[in-house]
Each structure stands twice: as structure tokens, then as C-alpha cells.
Amino acid sequence: MIAKVYVNFKKTILDPQGRTIRKTLESLGYKDVLEVRQGKVFTLKFKDNLPKEKVEEMVKKLGKDVLSNPVIEDFEYEVVE
Amino acid sequence: MIKCGVVVFPGSNCDHDAYHVSKHVMDFETVFLWHKDEDLKGCDFIIIPGGFSYGDYLRCGAIASFSPIMKSIKKFANDGGLVLGICNGFQILLESGLLTGSLLRNKNLKFICKFVDIRVENTDTPFTNSCTKKVLRIPIAHHDGCYFIDKDGLRKLEENGQVLFRYSSSRGEVDREFNPNGSLNNIAGITNKEGNVLGMMPHPERASETVLGSFDGKMIFKSVLNFLEKKIKE
């Protein structure tokens with residue numbers, strides 16, 4: 001089973017890297033892009049035959065405790081297969 | 001004699017500088033503490049040095065905060081032990097929850113390595129009681145030093161007097177133009193509420209000898225010595 005965890009800065013946090021990327025996109029002619037926020041994606045492969053609920057429970061916990069820093073980041077996840 | 005422990009993680013690179021100042025400048029009994037150990041070897045004072053623990057993987061300081069030695073350091077700190085986190089050490093203290101807030105990428109996205117002036121906000125602490133100058137000249141060297149905390153957290157820090165150092169002019173004026181990295185309220189160093197855990201971005205161990213251009217950093221180590229000696233007498 002595979003889960004994906006998406007970690008991004010909270011909306012209230014300034015993301016200077018994202019801002020720089022947006023400016024570059026603008027200079028390349030992509031003037032319709034209003035904002036870029038740079039985040040991380042973690043792909044987690046789990047042992048076979050685990051119940052989906054158990055995987056979800058684990059992903060929620062490790063997303064909060066390890067993969068994101070709740071002071072500055074939010075995370076979302078999906079169990080993909 | 002004061003016993004100081006300098007924690008070593010894979011990727012620490014200011015551990016020997018901290019060891020040198022502790023042992024040869026301050027004359028403390030000094031030992032390295034390996035991150036996989038849990039034994040603090042009877043130390044009175046712990047330094048978490050700068051560097052790039054675990055290559056800054058995941059987030060700066062994140063992986064190090066889960067190491068076995070940090071469990072013991074948390075207990076030591078909660079029992080009132082003195083802990084100083086410098087640069088990456090500050091990041092580790094934040095990730096481990098011993099201090100509040102977080103350090104983001106510098107606002108100008110550059111790695112900054114230069115001397116800065118920091119104003120001492122309170123001299124009634126274990127780390128600043130021997131600071132005879134209001135403004136210390138100490139170098140910074142970091143890419144992720146932009147201190148951030150939510151509004152409520154910031155208010156609490158300020159109300160409790162936990163902000164110990166602020167980036168300032170050499171005369172102690174705190175203004176945006178003296179803020180190298182975009183830190184909220186020009187914050188360069190904070191303590192926990194109890195005052196026994198300090199995290200700071202500037203490197204006092206790089207400014208503790210005349211030959212290095214400044215020995216203002218030594219005042220911080222002297223303060224620790226003074227505090228611990230008094231405590232032992234009691």
C-alpha cells in the first residue's frame with residue numbers, strides 16, 4: 001500500500017523560494033501565475049496486507065509528529081493504492 | 001569544576017570549536033556526547049553545537065531532535081539543567097519542543113556569514129549575568145535563521161521576557177535595517193520560560209578570543225560559569 005503525504009507552509013507563512021519561482025515564471029512569459037508555494041511530497045510504501053484504516057492512522061500520526069512541523073506547516077495525505 | 005558536554009551529531013561542524021572554547025578558553029572539564037548515547041556523563045552544562053546535523057534532511061534539526069541523546073537532554077532541561085543551542089543547535093531545540101517557534105529560510109534566500117551586533121535584553125539570566133556590554137559583536141553563519149512564531153506565541157515570549165538577544169546596531173538600536181534574516185521582532189536568541197534553555201543563531205564560540213576579532217561571546221560562557229558556581233555554593 002502506498003500513501004502520499006503533502007507538506008506545505010501554512011498560508012500565513014511567507015515562502016520566499018516560492019516567490020522567487022513565481023518571478024522566474026513571470027520572466028519566462030507565464031504572467032498568469034499569481035502565486036507559487038513550494039512544498040514537499042513524501043511517498044510511503046507500506047507492508048502488504050495492512051488494513052487501510054491502520055495505514056491511515058499511521059500516516060496521520062507520522063505526518064503530524066515527523067514529516068511536518070505544525071508551527072509552520074500543514075499536511076494532507078492520501079492512500080493511493 | 002564545571003563539566004560541559006558538547007553533543008555530536010553526524011553533520012555537526014562547530015562541535016570542535018565549542019569544545020575548544022569550553023575546555024581551553026573557559027577551563028571547563030569538557031566531553032563530547034555522541035548522539036546515539038543517552039548518558040550525559042554527569043555534565044552540568046550541555047552545548048548543542050552548530051552545523052548541518054543529518055545534512056538538514058527533512059527540516060533543519062528535525063532528525064537530530066529524534067535522537068537518543070535528545071531524550072536525556074529533554075529530561076535534563078526539564079529538571080533545570082543548562083542547555084545552550086547554537087545555530088543548528090537552536091533549530092534542534094525548536095524541533096524537539098524545548099523552545100517554541102521555528103526558523104525559516106532567510107528572507108533574502110542567502111546564506112549569511114558575517115559579524116552582527118546583538119542587543120542583550122536581560123542580564124538577569126544564567127547566560128547573560130556577566131555581559132558587561134549592552135551590545136555583543138558575534139558572527140552569524142546560516143541559511144535558515146528567520147525566526148517565526150504565531151502572534152500568540154510571540155506575545156507570550158515578549159511578555160515573559162524570553163527574548164534574550166535582538167539584532168541591532170552597534171549602539172543597540174533595534175530596527176529592520178539591522179535585521180539580517182527577516183526574524184520577527186529582530187529575534188536572534190530566545191530562552192524557554194524557565195530561562196535554563198537558550199537557543200541563538202549567532203556563534204559565541206567563534207567570538208571568544210581576541211585573535212578571532214571579538215571575545216564578546218565569552219561573556220555568555222562566563223555567565224554560565226558564574227551561574228553554576230553560585231548554584232554549587234548554595
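Here, every reference points to the structure presented above.
Just so it is clear, the structure is predicted and the values come from calculations on it, not from any experiment.

Draft legend 1. Geometry of the interface of chain B and chain A. In this assembly, 12 residues from chain B lie in contact with 17 residues from chain A. Where chain B abuts chain A, roughly 1,200 Å² becomes buried across the two surfaces, and 67% of that area is made up of carbon and sulfur atoms. A per-residue breakdown of the area chain B buries against chain A is headed by B:Leu58, B:Arg59 and B:Leu109, which together make up 41% of the total. Connecting chain B to chain A are 1 salt bridge. A salt bridge links A:Glu73 to B:Arg59, with the nearest nitrogen and oxygen atoms 3.9 Å apart. Taken together, the links from chain B to chain A amount to 5 residue pairs in polar contact (both at pLDDT 80 or more). Looking at the side of chain B that touches chain A residue by residue, the class counts come to 5 nonpolar, 3 polar and 4 charged.

Draft legend 2. Structural context of the sheet that holds strand 6 (residues 112-120) of chain B. Residues and elements named next belong to chain B. The strand order across the open sheet built from 9 strands is 2-1-3-4-11-10-9-6-7, with neighbouring strands paired in mixed fashion. The sheet is open, and its two borders are formed by strand 2 (29-34) and strand 7 (135-142), each paired with just one other strand. Sheet twist, expressed as the mean angle between neighbouring strand axes with direction ignored, is 25°. As defined by bridge partners, strand 6 adjoins strand 9 (residues 163-168) across 4 bridges and the pair is classed as antiparallel. Bridged to isoleucine 118 within strand 9 is tyrosine 167. Relative to strand 3 (residues 45-48), helix 2 (residues 68-78) is tilted by about 135°, and along the sheet it contacts strand 1 (3-8), strand 2, strand 3, strand 4 (82-86) and strand 11 (197-200).

Draft legend 3. The arrangement of the sheet that holds strand 3 (residues 73-79) of chain A in detail. Residue and element names in this part refer to chain A. Taken in spatial order, the 3 strands line up as 2-1-3 in an open sheet, and their pairing is antiparallel. Only two strands of the sheet have a single neighbouring strand rather than two, namely strand 2 (40-45) and strand 3. The sheet shows a mean angle of 20° between the axes of neighbouring strands, direction not considered. As paired strands, strand 1 (residues 2-9) and strand 3 are joined by 7 bridges and run antiparallel to one another. From the neighbouring strand, lysine 4 faces strand 3, where its bridge partner is glutamate 78. Helix 2 (residues 52-67) rests against strand 1, strand 2 and strand 3 of the sheet, and its axis sits at about 160° to strand 3.

Cut-off values and rules
- Residues numbered from 1 in each chain as written.
- Chains lettered and ligands numbered in written order.
- Predicted model: local features only at pLDDT ≥ 70, side-chain atom pairs only at ≥ 80, totals over all residues.
- Heavy atoms only, no water.
- Contact = heavy atoms within 4.5 Å.
- Buried area = accessible area lost by both parts, 1.4 Å probe.
- Salt bridge = Lys/Arg side-chain N within 4 Å of Asp/Glu carboxyl O.
- Polar contact = N/O pair within 3.5 Å; in protein donor to acceptor, adjacent residues only side chain to side chain.
- Nonpolar A, V, L, I, M, F, W, Y, C, P; charged D, E, K, R; others polar.
- Pairing = 2+ DSSP bridges.
- Helix = DSSP H or I, 4+ residues; strand = E, 2+ residues; numbered from the N terminus.
- Axes fitted to C-alpha atoms, helices over the stretch in contact; angles between N-to-C directions.

Taken by themselves, the reported measurements are silent on function.
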